[in-house]
Amino acid sequence: MVNISEHLKEERIILGLKAETKEEAIKNLAEVFRGAPEVKDFDKFLADVFEREDLGTTGIGLELALPHARTDAVNSFIIAVGRIDKGVDFKSLDGEPVKLIFLMATPKEEVQNYLKILAHLTRLLKKESLRASLLEAKTPHEFIEIFKKEEEQELT
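Student: Where do I start with the overall build of the chain in this structure?
Tutor: Of regular secondary structure, the chain possesses 5 helices and 6 strands. The C-alpha radius of gyration of the chain comes to 14 Å, within 12% of the 15 Å expected for a compact globule of 156 residues. The principal-axis extent of the C-alpha atoms belonging to the chain is close to 35 × 35 × 25 Å. When the 156 residues of the chain are sorted by exposure, 49% land in the buried category. Counted over contacts in the chain with a minimum sequence separation of 6, partners at least 24 positions apart contribute 71%. Entry remark: accessible area of the chain is about 7,800 Å², with carbon and sulfur atoms responsible for 50%.

Here you go:
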């Protein structure tokens, strides 16, 4: 099984993300990837995320959004997390504003692994207790620890 917590990095978690719109939220969060070794072409990566978003909202409900792209602009799976306390309109399926954004990308050839990661992340985030804890986390380190604990409990 793929553990999301293994891919989370403190410097890629913004607990006070500032944004008024979905586009601003994605752009501001994506900045953590600028210059990252996994990103071959930042502008193409961002364009591919917005192209995917144009196909249909990644606001899945429950105050969550999972903007993502399968793109040749990255050479390995990447994930960043943003938390917007007041929420932002993502045209979510349930009409609620989004407070937690998980921005991800993977190389096009890694589709199978990527689909497993998306399914795993979605399953975890459906747990109200986990979402509540993530919304309360005080530091990126604490955010990752909450995720690790949840994944460990899943294995037992």
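Let us keep going from here.
Student: Looking at this structure, how should I read the packing of helix α4 (residues 128–136) against helix α5 (residues 140–155)?
Tutor: Packed helices, taken two at a time, are described by the angle between their axes plus the distance between the axes. Running from N to C, α4 and α5 cross one another at 165°; their axes reach a closest spacing of 9 Å. Comparing the axis directions of α4 and α5 gives the class roughly antiparallel. You can see that α4 and α5 cross each other, and the crossing is right-handed. Between α4, through Leu130, Ser133, Leu134 and Glu136, and α5, the contact on the second element is made entirely by Glu142, Phe143, Ile146, Phe147 and Glu150. Across the contact of α4 with α5, the residue classes tally to 5 nonpolar, 1 polar and 3 charged.

Student: Could you clarify how one ought to interpret the environment of Lys126 in this entry?
Tutor: Structurally, Lys126 is set in the loop between α3 (111–125) and α4. A residue is classified by how much of its surface remains accessible, and Lys126, at 59% relative accessible area, is exposed. Excluding its chain neighbours within four sequence positions, the residues that come into contact with Lys126 are Leu62 and Arg131.

Student: Explanation requested: the pattern of salt bridges in the structure shown.
Tutor: Pairs may arise between side chains of opposite charge once their charged atoms sit close together. In total, this model carries 12 salt bridges according to the counting rule given. Ionic pairing is found between Glu38 and Lys9, a salt bridge with its closest N-O pair at 3.4 Å. Remark: Lys9 occurs in the segment before β1 (13–14) and Glu38 occurs in the loop between α1 (22–30) and α2 (42–55); sequence separation between them is 29 residues. Residue Glu38 is classed as buried on the basis of its relative accessible area of 10%. For Lys9, a relative accessible area of 34% translates into the label partly exposed. One salt bridge in this structure joins Glu63 and Lys99, with 3.6 Å as the shortest N-O distance. Of this pair, Glu63 sits in the loop between β2 (59–61) and β3 (64–65) while Lys99 sits in strand β6 (residues 98–106); the two residues are 36 residues apart in sequence, bridging distant segments of the chain.

Student: Which parts of the structure should I look at to understand the pairing of β6?
Tutor: On a regular strand, one side chain projects to one face of the sheet and the next to the other, so that they alternate. For β6, the buried fraction is high: 8 of the 9 residues fall into the buried class. Looking at chain direction, β3 and β6 are connected through 2 bridges and run parallel. From the neighbouring strand, Ala65 faces β6, where its bridge partner is Ile101. Pairing geometry for strand β4 (residues 68–70) and β6, over 3 bridges, is parallel. Bridge assignment links Ala69 to a residue of β6, and that residue is Ala105.

The rules behind each value
Every chain's residues receive numbers from 1 upward, in the order its sequence appears when written. Confidence filtering applies because this is a predicted model: local features only for residues at pLDDT of at least 70, side-chain atom pairs given and counted only at 80 or more, and all residues used for totals across whole chains, interfaces and linings. With hydrogens and water excluded, all non-hydrogen atoms of the structure serve as input to the side-chain values. Each helix corresponds to a stretch of at least 4 residues labelled H or I by DSSP, and each strand to a stretch of at least 2 residues labelled E; elements are numbered beginning at the N terminus. It is over C-alpha atoms that the radius of gyration is taken, and the globule rule equals 2.2 Å times the number of residues to the power 0.38. Relative accessibility decides the category of a residue: with a 1.4 Å probe and only protein chains considered, values under 20% of the type maximum give buried, values over 50% give exposed, and everything between is partly exposed. Contacts are residue-level and defined by heavy atoms, with any inter-residue pair within 4.5 Å sufficient. Accessible areas in this description were obtained via Shrake-Rupley with a 1.4 Å probe; residue shielding takes into account the shown protein chains only. Helix axes are fitted to C-alpha atoms over the stretch in contact, other axes to C-alpha atoms as well, and angles between N-to-C directions run from 0 to 180 degrees. For classification purposes, an angle smaller than 35 degrees is called roughly parallel, one larger than 145 roughly antiparallel, one from 65 to 115 roughly perpendicular, and anything else oblique. Two helices crossing with the near one rotated counterclockwise from the far one by less than a right angle form a left-handed crossing, whereas a clockwise rotation gives a right-handed crossing. Amino acids outside the nonpolar list (Ala, Val, Leu, Ile, Met, Phe, Trp, Tyr, Cys, Pro) and the charged list (Asp, Glu, Lys, Arg) are all regarded as polar, and Gly is one of them. For salt bridges, the criterion is a side-chain nitrogen of Lys or Arg within 4 Å of an Asp or Glu carboxyl oxygen. Two strands are counted as paired when DSSP detects at least two bridges linking them.

Coordinates in, geometry out; function isn't part of it.
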